[in-house]
Amino acid sequence: MLLRYPARSEPAARTVAAATSASHPATAKRDGRIGIAVIGGGGFATETLLPAIGATPDFALRTVVTRSSASAAKVAQEFGAAQASTDPEGVLADPSVDAVVIATRHDSHAPLALAALRAGKHVFLEKPMGITREQIDALRDEALTSGRIFTVGYNRRYAPLSLRVREWLATSAGPAVLLYRVNAGHVPAENWTLDPNVGGGRIVGELCHMLDLLSFWLGPELVSWSAAALPSAQRAAPSPQDVVVSLRFRDANRNEHVASLVYTSLGAPALAKEWIEVHAGGCTLHLTDFMRLEAQGARARTEVLRKPDKGHRAEIEAFRDAIRGAPNALLGAEEAWASADLALRIDQQLRAGAATE
Ligand SMILES: NC(=O)c1ccc[n+]([C@@H]2O[C@H](COP(=O)([O-])OP(=O)(O)OC[C@H]3O[C@@H](n4cnc5c(N)ncnc54)[C@H](OP(=O)(O)O)[C@@H]3O)[C@@H](O)[C@H]2O)c1
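Residues numbered from 1 in each chain as written. Predicted model: local features only at pLDDT ≥ 70, side-chain atom pairs only at ≥ 80, totals over all residues.

### Structural notes on the sheet that holds strand 8 (residues 176-183)
- Across the sheet, eight strands lie side by side as 9-10-11-8-12-13-14-15; this open sheet has mixed pairing. The two strands at the open ends of the sheet, each matched to only one other strand, are strand 9 (220-229) and strand 15 (301-304). In this sheet, adjacent strand axes meet at a mean angle of 10° when their direction is disregarded.
- The strands that helix 6 (residues 160-172) touches are strand 8, strand 12 (274-280), strand 13 (283-288), strand 14 (292-296) and strand 15; relative to strand 13, the one it contacts most, it runs at about 170°.
- On the sheet, helix 9 (residues 333-351) packs against strand 9 and strand 10 (243-251) and is oriented at approximately 25° with respect to strand 9. (Pairing = 2+ DSSP bridges. Helix = DSSP H or I, 4+ residues; strand = E, 2+ residues; numbered from the N terminus. Axes fitted to C-alpha atoms, helices over the stretch in contact; angles between N-to-C directions. Contact = placed C-beta atoms within 7 Å.)

### Describing the environment of alanine 259
- Counting through the fold element by element, alanine 259 comes out in strand 11 (residues 256-264).
- For the pair alanine 259 and threonine 56, spaced 203 residues apart in the sequence, the C-alpha separation amounts to 35 Å.
- Sequence-distant contacts of alanine 259, defined by excluding residues within four places in its chain, comprise Leu178, Tyr180, Leu214, Leu218 and Leu247.

### Section: the nonpolar core
- Judged by nonpolar contacts, the single largest core of 103 residues is most densely connected at Val38, Ala113, Leu214 and Ala343.
- For this core, the element with the most residues is helix 7 (residues 202-218), which contributes 11 residues.
- Lining this core are residues from two domains, each supplying at least three of them: domain 1 (15-153) and domain 2 (156-351).
- Excluding anything up to four places from it in sequence, valine 38 contacts Ala45, Leu49, Leu50, Val64, Val101 and Ala103. (Core = buried A, V, L, I, M, F, W, Y, C linked by C-beta atoms within 7 Å. Buried ≥ 20, exposed ≤ 12 C-beta atoms within 10 Å, placed from the backbone. Domains from an automatic or database assignment.)

Here is the structure:
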């Protein structure tokens, strides 16, 4: 017996109108607002980026894109997007989308951002900028010539207490010594962030945050660096997770500063995640988890926020302001590339087993 099936005339629709929720009515009309699509609706987008976008006037959430239609529909409904999609290309061709936020896993960052810029969209790309040199170089070149706003989500430089540290350093007007300890925590070997082809490892995927912040505080010029690491005990995670990096920077006034960045997966879970100590001109600053800042010495004072603020909300507002043409306080392509480039060089050297450069 021969069974004949009708030929499929059209592919299944991959972008659909989202259901509305009572708490977040869909923002189908832009009303002069910036139409935005979010590609990637996982843990970070739903806990941090989408709430920040929802709280920022001037954005109209057009589309949420994920790999599976079920998660796209769920996240789109939860955050009041007009559409849910599994088709990034279709979303980039949508003229009602002015800007895209990309929060997928790391291997798709650079290809999606490149395609978005080529489609004429403004791009907010979660870190890292890419996981290979070819990716970050091509993306920087495209961003610099695209005429569109492009940034990478190094949120710590927008944190209120980070800005205080920068002001404090500027008024110190002399050399500084900085210690930055990151209690990064253990990540199981099978986690995607450790897969060199998906996450790129923790140096490329997370240490880039700290390298950017140090450059923001002490740079812009990186004079030299050296790095040492414990060998990775996990076969599936060849990228080191316990690293000490020494860096020397030169600021715009030609002051030189040195920093020691200690990143470990071996610390006690209860210990603060990020602890920073800065010494300059006989004074000391302690910053703990972007929540408590204590100055000792001539300018002694303590500032404690009600909860940690790592700058996520402020960076989304800065993205909006840059699109609207306000003086651009946003991290640009060249600076974003510099931290990505340094992270790749440190990772490559440590994987190769060398200790210094
Ligand atoms: N700045 C920070 O403080 C911070 C903190 C944490 C994480 N992050 C960053 O946030 C990003 C996402 O991390 P996460 O933990 O949220 O990851 P995740 O939970 O795995 O979420 C990834 C999301 O991307 C979607 N996706 C994957 N490939 C896609 C593609 N090609 N096209 C469209 N959608 C795709 C997935 O769809 P499905 O849902 O269908 O699988 C999922 O919704 C990463 O870049 C990470 O480094 C930043």
